[in-house]
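# Tertiary structure, described
Okay, here's what each chain looks like letter by letter:
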Amino acid sequence: MADSAGLQFVSSYAFEAMQKVDVSRLAALSDPELRLLLPCLVRMALCAPADQSQSWAQDKKLILRLLSGVEAVNSIVALLSVDFHALEQDARKEQQLRHKAGGSNGESILVSQLQHGLTLEFEHSDPLRRLRLTLSELLAIMNKVVDSNGEFFLKSSELFESPVYLDEVADVLCILQAELPSLLPIVDVAEALLHVRNGDWFLCLLVANVPDSFNEVCRGLIKNGERQDEESVGGRRRTEALRQLCQMNPSQALNIRAMVVEECHLPGLGVALTLDYRPDTPDEAVSPLVSYVSGLLLGTNSKVRTWFSMFIRNGQQRKRESSSVLWQMRRQLLLELVAILPRSRSTHVPNNSGMEEEPGSGYSGLREEHVVKASALLRLYCALMGIAGLRPTDEEAEQLLQLMTSRPPATPAGVRFVSLSFCKLLAFPTLVSTPEQEQLMVMWLSWMIKEEEYFESAAGVSASFGEMLLLVAMYFHSNQLSSIIELVCSTLGMKIAIKPSSLSKMKTIFTQEIFTEQVVTAHAVRVAVTNNLSATITGFLPIHCIYQLLRSRAFTKHKVSIKDWIYRQLCETTTPIHTQLIPLIDAYINSILTPASKANPEATNQPITEQEILNVFQSAAGGEGSRGGRQRYSITTQLLILYYILSYEENLLASTKQLAMMQRKPKSYSAALMDQIPIKYLVTQAQGLQQELGGLHSALLRLLATNYPHLCLVEDWVCEEEVTGTLPLLRKMMLPSNTCRYTQSQLHQAFQKLPSSSPRLMRILEHLTLLSPGDLIPYAEALTDSMALLLEPAVPRRILQTLNKLWMGLNTVMPRRLWVMTVNALQPSAKLLHQQKYTQNDLMVDPLIVLRCDQRVYRCPPLMDIVLHMLNGYLLASKAYLHCHLKETADFDRQTQTVSNLGVPGQPETPEVTREELKNALLSAQDSAAVQLLLEVCLPTSEEQQLGANTESLLSSIRGSVPGKSKQGSLGPRARGGVEDAEPEGGLLSDLREVQCLICCLLHQMFIADPNIAKLVHFQGYPQALLPLTVAGIPSIHICLDFIPELLAQPQLEKQIFAIQLLSYLCTQYALPKSLSVARLAISVMGTLLTVLTRAKRFSFFMPILPCLVSFCQAFPPLYDDVAGLLVQVGQVCASDVATKARDIDPLITRLQYLKEKPRGAVAPGGGASKLTLPQRMAEELGGADPDVQLCYCVEATFMDIITSTLHGL
């Protein structure tokens, strides 16, 4: 507002005095300054105060004394003596009149017809008329503002423009607003004053006389302001008015700037206030302007970023104006940039002597106190150019390049500055336009390469700019321009749109002048590894460079060995794990197995040697035997090496086909090495560090599940929860620190002196249960070696159960070694004499070795639980072992045979399918043999049978047993030779029963995992006495209903009999619609076989299966007619064969027909089976004479059983 340039504004000193009502400061004001504040001071002196204190009375006297010498006070007093109530009523009437007239300037109630101009009328008028004239003019402007719908206008008003009467008009304006606040809200008055000349001056006076309204007025003006203030006259006037207000009250300038950002209005005002801001304690590092603009463009608020970027773009479209806030900002930024430039910098290329100076000696060196400010300026210019679209002038570009190519001191801030400068060169290569500038840039880059090591050592940082240079060079060589763009954006901390085509000049400079690919690889391998590498070390590290070179196969291409560098870096790691380590290992493995090109199949990297791997695991592996050794390598290093080995083996198997075609066979790591690595212990440790290990734990679990399924048993995970859960932790916390510590020798001696040492052994074992699984490792050998001693009689069950618990705890940290030790310890005593020791490989090749243990284990449930756990694990291990063996040998064998068969017509291809089938057949035979052996264990021994045990105890209600039938006997605490306390009445808590339950649980899991095992075992068959046990104890056995029809179709009578007997138990246990349909099929098969079987086969077939018909009818009563018909048919066939016998069989056939038609008549009124005695007696007489006669009477007995069971069910 140049129109008010010659007027005197209220100073910040005067405004502060008015705010605080500081009378002494007001008294120090000059007469012109005091004149501006008279309206408020006069009202303050004349109006009755709310403050009745003595101090205010004294201040009021001083104010009156201050006003007594000012002539203009009289006119203001006259203004205050007017009847403002009547004036307000007239004003409101005039507003209503104008509203009805549609805003036209017609008749006025406030002002009658003017005889002269408004200025002359004002001069000749009394105070009341002056108030009316000013009020009428002000209301007219306010109404026009409301009707303008946001369009700016400048109202020509003689009253507000005459320089002679400005003071009087200002007095009238202030009095009107103070006395009529409801009619003239100060925010609306402020808005109206923007539309007249000298409006900013009037506005400042108005606010100065009402200082409490400062924030209200400013917020109102900002809310009603334009989004882009420099685009319109109104926006510029509003910005200037607010700027004058903030100069009057500078303490609120930053709050007003915050309002601007909050509303996203008037961006020029925010910049102007920042330019005007002069902090009391200036920050030497970063100026307020740089901080403010950087915060807008680099903040998280995208709305603010877009708003300010539009201000920059629009400001550039207009011609350069010195009054433009944008150009003022750019000039200030350029001044700050030039101020920190080294004084010796020039656009001329310095001579080479400067290159020979010592680091930090000072060729064009940036001063240390300016480095942070220089970095902030660089980031700001990057944001202005990349986000806001600022086009730098030639002068700006020249000075920016001078700053970017300056050489900072060797400090962390200096490293950061060089990295930012380098990325800015990549982001805006147009800054380099002349050959001299290009040569300057090349020399600066050469200086970066030369001084990188010195900077890293002197600055004490792990991530220097040398790694970034290497990384960019590698990206340029592999043409990964998008990766360079991502690198630049992440370093600068902002998303910038960089065209890949703009990097062509930089690519040429890097790949041809500075970093050839051979230089890159040779330099990278000499870079020192990062000590204690972890995710807390940010920036670009040597690992990033090595990773990119591995991906581009530069090391193998130029025959540079990188194995040692990777091994050293893996050994220098700690938690939290760096995100680049796992991709680095994957890329390294790929470079070992896959040649860089088909033309040169030997161009691969070397794998890490077994000895180097063993060195890493010496402390961990040795820890299983003696935990006292100091752990040299961190758990992170051990886990990464473990991941490398497992991933290497998996990728080697996956690549065998391609490797065979290239006649390459990389060496696999030996089984002996894998046996020395505590895989499960390390994975258990990793489980507790999942947050710090990132994705390493899940990657290890995936590799274990594929290659070591026996280490991923579900029972193990459940057991780990029990071992490492809250309850064990609480028990360990309760363990006194000064408790007695037992040695391995003490434990061994307690085992040797059993059973007399049972109490002492129990105390030792109970103490061991309070230890963590890792602390139990030293006791593992003593525990397993003494297991055979627990098989002797009179060993308390509690000792066995505690040993089982300890074994399960050890199983969570050292399963493979523990299993081998346990299998060797449980061998029969005869084998122990020969000292035969099995190895891990022996047990994987033949898992059934586990069951070749001491026979007493089969009746010791706690130890049998351990044996079954190992058996399940080794069956899974055997599958993985055979799969790997087949994969390793198949492709190479086939390739060898293919090469040898070249030129031989008709030669068959490698029988790959046959090999797979043979492997599957071997695994099936292995699993079925294990199941059969376990089922055999479930059969009671002769001693147990004598004591009353029988396998039907688990299914006592299935067959509707006769009351009083002997149950399974209780064999005391453990059923083995020399049992003394057998219970004659029987019970369910025998060792046999417990072992049967454990075996049934394992079989259930095996059947669920592979239903084909269940099918194979039942096609092989097993003793009929075990059917009640298997049907009741194995829940998944119902799947047998799927293949029983196929089993019935087998030609062997034994399999058909076994199928029908199995079906009878299944129908009783699972009375399902599917069971009913299969039972109908079985009855139909029995009827068919009746017509084709010979006499001898008929007897051997029907005698064992006739009792099964009772179960069919008991489970499914609708089958009674079919069963009855079949029984009559069997009786008739048998009767026809014995028709020529001496004894007449016709009465029997008659009884069968009667039983079929009237089954209830066969039962005596008392409910007993009255006719059962006759067939029993006759069967005794004829049993040895004729099988058909026996079969006939067995049919009648079956009839009576069906009828009896049916009536009992009713």
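Note that the structure is a prediction, hence the values are computed from the model and not measured.

## Digging into the overall build of the protein
Per the secondary structure count, the protein includes 63 helices and 0 strands. Per-residue burial for the protein yields a buried fraction of 53% across its 1210 residues. For the protein, contacts bridging at least 24 residues in sequence account for 74% of all contacts bridging at least 6. A total of about 54400 Å² of accessible surface is found on the protein, and carbon and sulfur atoms cover 53% of it.

## Describing helix H9 (residues 127–147)
Between the first and last C-alpha of H9 there are 30 Å, a value that for 21 residues agrees with the 30 Å anticipated at 1.5 Å per step. After H9 finishes, the residue Asn149 shows a positive phi value of roughly 55 degrees.

## What to know about the side chain of His544
As for its placement among the helices and strands, His544 is situated in helix H29 (residues 542–551). Classification of His544 as buried rests on a relative accessible area of 15%. Beyond its immediate sequence surroundings of up to four residues, His544 is in contact with Leu471, Gly539, His578 and Gln580.

## Notes on the packing of helix H18 (residues 288–298) against helix H21 (residues 371–386)
At a minimum axis separation of 10 Å, H18 and H21 run at an interaxial angle of 45 degrees. By the angle between their axes, H18 is oblique relative to H21. In this structure, H18 crosses over H21, and the sense of that crossing is left-handed. Contacts between H18 and H21 involve Val290, Val293, Ser294, Leu297 and Leu298 from the first element and Ala376, Leu377, Arg379, Leu380, Ala383 and Leu384 from the second. Classifying every residue of the contact of H18 with H21 gives 9 nonpolar, 1 polar and 1 charged.

## Some words on the pattern of salt bridges
One pass over the structure, following the stated rule, counts 25 salt bridges. A salt bridge links Glu612 to Lys563, with the shortest nitrogen-to-oxygen separation between them at 3.3 Å. Here the residue Glu612 occupies a position in helix H33 (residues 610–625), and Lys563 occupies one in helix H31 (residues 563–571), the gap between them amounting to 49 residues. Glu766 is paired through a salt bridge with Arg798; the nearest N and O atoms lie 3.2 Å apart. On the criterion of sequence distance, the pair formed by Glu766 in helix H43 (residues 758–769) and Arg798 in helix H46 (residues 797–811) is long-range, its members being 32 residues apart.

## Comments concerning the confidence of the model for the protein
Residues with a pLDDT of 70 or more make up 80% of the protein, whose mean pLDDT is 78. Counted against residues more than four places away or in other chains, residues 898–910, with its pLDDT under 50, gives 7 contacts. Residue range residues 1162–1184 is modelled with pLDDT below 50. Its contacts to residues more than four positions away, or to other chains, number 23 contacts.

Cut-offs applied
Residues numbered from 1 in each chain as written. Predicted model: local features only at pLDDT ≥ 70, side-chain atom pairs only at ≥ 80, totals over all residues. Heavy atoms only, no water. Helix = DSSP H or I, 4+ residues; strand = E, 2+ residues; numbered from the N terminus. Buried < 20%, exposed > 50% of the residue type's maximum accessible area, 1.4 Å probe, protein only. Contact = heavy atoms within 4.5 Å. Areas by Shrake-Rupley, 256 points an atom, 1.4 Å probe, with all protein chains shown as cover. Expected span 1.5 Å × (residues − 1). Axes fitted to C-alpha atoms, helices over the stretch in contact; angles between N-to-C directions. Parallel < 35°, antiparallel > 145°, perpendicular 65-115°, else oblique. Left-handed = near helix turned anticlockwise from the far one by under 90°. Nonpolar A, V, L, I, M, F, W, Y, C, P; charged D, E, K, R; others polar. Salt bridge = Lys/Arg side-chain N within 4 Å of Asp/Glu carboxyl O. pLDDT = per-residue confidence, 0-100.

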